[in-house]
Structures are given as structure tokens and as C-alpha cells.
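Residue-level structure breakdown
Okay, here's what each chain looks like letter by letter:
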Amino acid sequence: MTSEPKNGAQPISEMINQAIKQKVDYLDVLRKAITDHADEKIYALLDQRRYAAEIMHREEQMNDTGVMGLVDDLTDQLSNYLSTKLIKYLSKTYPFFYYEEYQTGHYRIYFGNWWDRRQFGELDVLNIRFVFDQGEYQKLAESFELNRDGKRYNGAKIDKLSKENDRLQGLIDSGDERAAKKEELQAELKEASARNGLFESSKNRETRESIVSQLSELEDQEEQARTASGKIKENNQLVLELSKENTILSYERKSITDTFGSFEDFEQENRNLYANYLQSLVGSGKQVIDHD
């Protein structure tokens, strides 16, 4: 027995048909936008709320999750499709970034085309944003701060390693002096020990303890000297790697300042990337848009 709607409520069948029609209409509009290469329209359909807020300046728009979820299983393909125009735009706006699609719709970002360039994060095509590697990004930000004070990112580390190498080299060079001092102290210790009676004086005991302490220190220095050459080589290799990183960071800073003027303007461009890109699509005159 079929139940009838109460109090003038909409029949269940009509509600179902309306819901189906809404989904079909959404997919039809999306299909047409893809056929027409209307990327701005596609982005409007994928995130209605964000598009309304950042492009139409209407904060009250809500996402219709009932229809937007219909293409959740096509996100990789949509990302691949939308990447063509986006990466072309980014190549002009951020000429120092390069992109590698490592699987369908997923893109790594590389900073620069020079030797030892760094992987700097990933490009989120569907949300039109950079997902920077926070460790690498923080290095760059800190490098800008230090550069304002005339300092290098790895400058303190390099100075510390250089001082350590000087100390280790000093231990190697002072081997003969150390041997002579050791021989002298051993003679003094032998003499002090010979003065020991049944009741050793506190002064003589302090003298012996001081000599033993000095000999122990010389032994420590001798042990360090035996491994100093290898440690110096390790430190030199590390200094080389730190210097290379400083050079890479200097290339990155120059790329950003040449393009944007400052790191702050670079960050501002990143924050506005979604709106700037979609507005550029409208400005190109190639988009067929119906915002209603």
C-alpha cells in the first residue's frame, strides 16, 4: 500500500526526481565546461563556496556536497586536465618553478633548473595552491632574514667547523711539544712519587694529582690527534655541502627578488594565486562562463 504525503508535503517520488535532476544537471554543466575547455567554470563547479567568496565576493554561498561528490573518483583525471593551463600560467608568473607529473594528476615542484636543485613541494591543481615542503620553505625564509643582516644561512655552522678544524690541526702540529711535555711530567711524577713516605704530605699529594691530571689531558689530546686527519676530512666535506646549500639558497633568493621584488611579495602572490589565476582566465577572453 503506497503511503500518501501528509499536510501537502512533496511526494517522495518527486523529491527523488528533483534530486536526480540536480545531479544530472550538475554533471551536464561540468561535461560541457570540459568540452568547452572552460577551466574557470570547472573550478566554480568543484568548489562553489570558495569561488563565490574569492571571485564573486559572495560569502553566503555554500557548497552543494550532494552533487560535488559525484566526481570524487575523477579527481586525478580532472587535475591532469586542468594542469595544462595552470602550469602554463605558473611558468610565466613563477619562472623559477618546474613541475614533474609523477603520477596522473600529481605534480612535484622543483626550484630552479640548476645543479642540485631542490624538490620544493607539490602543486595542488584542483585547489590552485602550492603545498611547499615546510622544511625547505623555512630554510628559504630564514635565508632571507639572515641575508638582510649580511649573514649566510649556514654561516655559523661553517665558522664552527672551521674553528674545529683549526683546533684539530693544532693537535696534529703540536705532537712533538706534547711528547716533550709528557716526558717532562713523567719525570716530575717519578720524583714526586719517590718523596712518598709513610705519611705523604698534602702538598706532595696535590703535586702528584696535578701531574697525573696534566698527563691525562695530554693523553686525551694524543687520542684526538690520532683521529684528527679523518675528522678534518669529514668536516671539510660537510663545509663543502653547507657551502653548496648556501649557493643554492642564493640562487633561490635572487630568483624570487628578480621576479617579485621581495619575499613578502612572493608570499602575497601565493596567497592570491587562486583568484589571480581564475581572473586571468576571464581576462584571456577564452572562457565561456555562466555564474548563475
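This text goes with the structure placed above it.
1. Observations regarding the overall build of the protein
Counting secondary structure elements, the protein contains 11 helices and four strands. Residue burial in the protein is summarised as follows: out of 292 residues, 34% are buried. Residue pairs at least 24 apart in sequence account for 64% of intrachain contacts in the protein once pairs closer than 6 positions are excluded. Total accessible area on the protein is roughly 18,300 Å²; 50% of this is exposed by carbon and sulfur atoms.

2. A few points about the pattern of salt bridges
Oppositely charged side chains may form a pair once their charged atoms are brought near each other. This model, assessed by the stated rule, comprises 18 salt bridges. Taking the shortest distance from any N to any O, the salt bridge between R118 and E252 comes out at 2.4 Å. On the criterion of sequence distance, the pair formed by R118 in strand β3 (residues 118-124) and E252 in helix α9 (residues 202-260) is long-range, its members being 134 residues apart. Looking at E252, the relative accessible area reads 0%, which means it is buried. Taken together, the shared-partner salt bridges in this structure form one network comprising R118, E136 and E252.

3. As for the sheet that holds strand β2 (residues 106-111)
In sheet architecture, strand pairing relies on hydrogen bonds along the backbone and comes in two forms, parallel and antiparallel. Across the sheet, which stays open at both edges, the four strands sit in the order β1-β2-β3-β4 with antiparallel pairing between neighbours. Edge positions in the sheet fall to β1 (97-103) and β4 (129-132), since each of these pairs with one other strand and no more. Averaged over all pairs of adjacent strands, the angle between strand axes in this sheet comes to 35°, irrespective of strand direction. Alignment of β2 against β3, held across five bridges, turns out to be antiparallel. Counterpart to R108 in the pairing with β3 is E122. Sitting on the sheet, helix α6 (residues 134-148) touches β2, β3 and β4, and the angle it makes with β3 is about 115°.

Here is what the cut-offs are and how they apply
Residues numbered from 1 in each chain as written. Predicted model: local features only at pLDDT ≥ 70, side-chain atom pairs only at ≥ 80, totals over all residues. Heavy atoms only, no water. Helix = DSSP H or I, 4+ residues; strand = E, 2+ residues; numbered from the N terminus. Buried < 20%, exposed > 50% of the residue type's maximum accessible area, 1.4 Å probe, protein only. Contact = heavy atoms within 4.5 Å. Areas by Shrake-Rupley, 256 points an atom, 1.4 Å probe, with all protein chains shown as cover. Salt bridge = Lys/Arg side-chain N within 4 Å of Asp/Glu carboxyl O. Pairing = 2+ DSSP bridges. Axes fitted to C-alpha atoms, helices over the stretch in contact; angles between N-to-C directions.

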